[in-house]
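So you can see what is in the structure, the chains are spelled out below.
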Amino acid sequence: MHRTSIPVCLALAAFTLAFVGCWSRESPVVQGNREQILHRGLGADVADLDPHLITGLPEINVASTLFEGLVTEDPRDLHPVPGVALRWEISSDQLRYTFHLRPGASWSNGVPIVAQDFVASYQRVLTPSLGADYAAMLYVVQNAEAYNKGQLTDFKLVGFAAPDDHTLVITLEHPTPYFLSLLSHPVWFPVYLPALEKTGSPYQRGNPWIRPANFVGNGPFVLKSWQPDRTVIVEKSPTYWDANLVRLQAIHFHPSGNVDSEERAFRAGQLHVTEALPVNKVDVYRRDHPEFLRIDPFLDTYFYRLNVTRPLLNDRRIRQALSLAVDRKAIVENITRGGQEPAFSFTPVGTAGYEPPLGVGTDLATARNLLVEAGYPGGQGLPQFELLTNSSGNHRVIAEAVQEMWRRDLGINVTIVNMEQKSLLATRRTLDYQILRSDWVGDYLDPASFLEIFSSNSGNNHTGWSDPEYDNLLYQAQRTADRKDRYELFRRAETILLQAAPIIPLFYYTTVRLVHPAVRGWYPNLLDHHPYKYVWLEP
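Summarised in this report is the structure supplied together with it. It should be emphasised that the depicted structure is a prediction, and the values quoted were computed from it without experimental measurement.

## Points about the sheet that holds strand β15 (residues 385–390)
Strand pairing within a sheet occurs via backbone hydrogen bonds; the two strands may be parallel or antiparallel.
Working step 1: The sheet built from 6 strands is open, its strands ordered β14-β18-β13-β17-β15-β16 with mixed pairing. The sheet is open, and its two borders are formed by β14 (341–342) and β16 (414–419), each paired with just one other strand.
Working step 2: Note that β15 and β16 share 6 bridges and pair parallel. Bridge pairing in β16 links leucine 388 to valine 417.
Working step 3: Contacting β14 and β18 (503–514), helix α10 (residues 328–336) runs over the sheet at an angle of about 20° to β18.

## Looking at unusual backbone geometry
Where the residue is not glycine, phi is negative for most of them; where a peptide bond is considered, it is trans in most cases.
Working step 1: Positive phi values are uncommon outside glycine, yet glutamine 36 reaches one of about 60°.
Working step 2: For arginine 337, which is not glycine, the phi torsion reads 55° and is therefore positive.
Working step 3: Looking at where arginine 337 falls in the secondary structure, it is placed in the loop between α10 and β14.

## Remarks on the nonpolar core
Working step 1: Grouped together as the largest cluster of nonpolar side chains are 73 residues, with contacts concentrated most on Leu70, Phe160 and Trp188.
Working step 2: A total of 7 residues in this core trace back to one element, the largest contributor, which is helix α16 (residues 483–500).
Working step 3: When near neighbours in sequence (up to four residues on either side) are disregarded, phenylalanine 160 contacts Val119, Tyr122, Leu126, Leu138, Val141, Phe155, Val169, Ile170 and Trp188.
Working step 4: The next biggest cluster of nonpolar side chains, apart from the first, holds 41 residues, and it includes Ala325, Ile331, Val332 and Ala399.

## With respect to the sheet that holds strand β11 (residues 231–236)
Working step 1: The strand order across the open sheet built from 4 strands is β3-β12-β11-β10, with neighbouring strands paired in mixed fashion. Single-partner strands in this sheet number two, and they are β3 (37–43) and β10 (221–227). The mean angle between the axes of side-by-side strands here comes to 20°, regardless of whether they run parallel or antiparallel.
Working step 2: Two strands pair when backbone bridges link them, and β11 and strand β12 (residues 250–255) are joined in this way by 4 bridges, in the antiparallel orientation. Bridging from a neighbouring strand, valine 232 pairs with phenylalanine 253 of β12.

## A few points about the packing of helix α9 (residues 316–324) against helix α11 (residues 364–374)
Working step 1: Orientation of α9 relative to α11, taken along the N-to-C sense of each, is 160°, at an axis distance of 8 Å. In terms of their interaxial angle, α9 and α11 are classed as roughly antiparallel. Regarding α9 and α11, the two cross each other, and that crossing is left-handed. Contacts between α9 and α11 pair Arg317, Ile318, Gln320, Ala321 and Leu324 from the former with Leu364, Thr366, Ala367, Leu370, Leu371, Glu373 and Ala374 from the latter.
Working step 2: When the residues that make up the contact of α9 with α11 are grouped by side-chain class, the tally is 8 nonpolar, 2 polar and 2 charged.

Cut-offs applied
Residues numbered from 1 in each chain as written. Predicted model: local features only at pLDDT ≥ 70, side-chain atom pairs only at ≥ 80, totals over all residues. Heavy atoms only, no water. Pairing = 2+ DSSP bridges. Helix = DSSP H or I, 4+ residues; strand = E, 2+ residues; numbered from the N terminus. Contact = heavy atoms within 4.5 Å. Axes fitted to C-alpha atoms, helices over the stretch in contact; angles between N-to-C directions. Core = buried A, V, L, I, M, F, W, Y, C linked by side-chain atoms within 4.5 Å. Buried < 20%, exposed > 50% of the residue type's maximum accessible area, 1.4 Å probe, protein only. Parallel < 35°, antiparallel > 145°, perpendicular 65-115°, else oblique. Left-handed = near helix turned anticlockwise from the far one by under 90°. Nonpolar A, V, L, I, M, F, W, Y, C, P; charged D, E, K, R; others polar.

Rendered as structure tokens:
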């Protein structure tokens with residue numbers, strides 16, 4: 001750390017919680033303010049940084065600094081703005097998008113970015129051997145689904161074409177009003193295939209190309225270091241086409257498996273931004289330090305997945321009973337206390353004007369009757385279930401509340417098992433669980449962003465549940481132009497999902513975190529996206 005001759009408080013002078021003291025050494029935040037180095041809490045550690053494979057919020061947070069797609073997002077309202085593509089045209093039938101790449105865009109090794117880089121990257125995503133969880137997001141493109149499922153082997157028949165180095169043409173299966181917003185998701189980011197080929201097959205998982213020594217990206221930052229469970233450091237890229245706009249010189253991402261530790265780090269001047277806040281500290285900050293507390297709307301549903309391939313949980317009646325016994329109102333009023341709302345559906349209310357069906361609530365009498373029908377009155381004869389949760393955030397205290405509801409009201413006993421993020425994601429992929437703590441953040445502002453994940457095609461389903469009628473309704477909705485009719489199809493599909501109960505929605509998130517006043521360019525928005533090229537520090 002930088003030395004100074006004047007003692008500097010570890011937090012702001014006004015921040016007078018009991019044990020904050022002064023050292024004769026600058027805190028990381030004070031030094032960061034001067035040197036434009038942002039210290040950002042991540043919550044859980046990152047499991048991977050390959051943009052075509054990541055699914056978790058910590059990973060997406062970091063990867064968004066390292067790569068850039070055809071379009072990026074406005075920092076205030078997230079509407080699509082030019083990224084690698086300088087401009088684009090859309091055909092009158094809304095099926096063909098022609099992107100013109102900016103001549104100055106290059107990879108971090110100085111090699112110019114060309115349209116074929118995008119075509120090769122999309123082919124990688126859709127190659128079955130890679131097993132990209134988000135491959136289905138590309139199914140809006142002509143023949144992409146057939147190629148990903150091995151029904152088509154000639155990629156030239158998929159709707160991606162590069163007629164020259166600076167022109168990319170994408171042809172869709174059907175009009176998709178939110179298509180440009182999709183392109184901000186990491187699965188649409190380009191990767192530099194020659195870098196992947198140096199370290200292994202680009203089409204298999206486990207390729208170490210993303211390690212700092214091998215890394216090549218195209219975002220506003222480059223990967224400097226990655227120390228698991230400690231820090232991920234990215235530094236400003238000198239080759240980024242818009243480098244003059246980027247004010248931050250570096251970002252230090254700090255994972256923490258303990259939300260209390262993250263809050264203490266903020267008080268000690270080690271973090272500018274936390275990922276979350278302990279639920280028992282929300283009212284304290286609301287009362288004593290509202291200048292640090294940020295509570296913003298967030299398009300995110302907190303829920304439990306139920307593995308329907310497991311004995312007993314393959315019985316809809318048991319799944320429904322578990323869902324009906326959860327007092328969602330008590331969770332948000334007595335535990336989370338950050339403006340969250342009880343979730344009676346999976347899709348958040350009002351998503352792009354969509355009103356979901358009210359499918360679930362608390363009904364103990366019906367829940368108990370369902371257990372009787374299933375042959376387990378009062379929970380008798382049911383073995384102990386296992387609820388798997390990741391160790392970061394406030395997940396444990398929420399799980400303990402639900403655990404008690406099930407024990408008290410249904411006679412069902414549940415063991416809570418904590419697991420770090422990387423192992424939990426691997427367990428989720430292999431369906432090696434019974435009940436799993438989950439949440440889903442909308443990737444774009446449309447109900448399809450929520451409902452598509454439980455289709456049979458989705459790599460993000462992870463419940464073992466599928467329903468042909470559900471799939472068909474989503475298929476029809478994606479090809480229906482009239483918004484009223486489209487939303488009605490979504491409501492019918494969501495009703496099927498909620499009645500089948502492979503999931504238990506608990507509440508709709510808000511972002512509840514601490515933000516240092518020096519952080520500028522950090523705007524509230526429904527997806528909690530904060531393009532770091534627009535963020536800066538003002539001491």
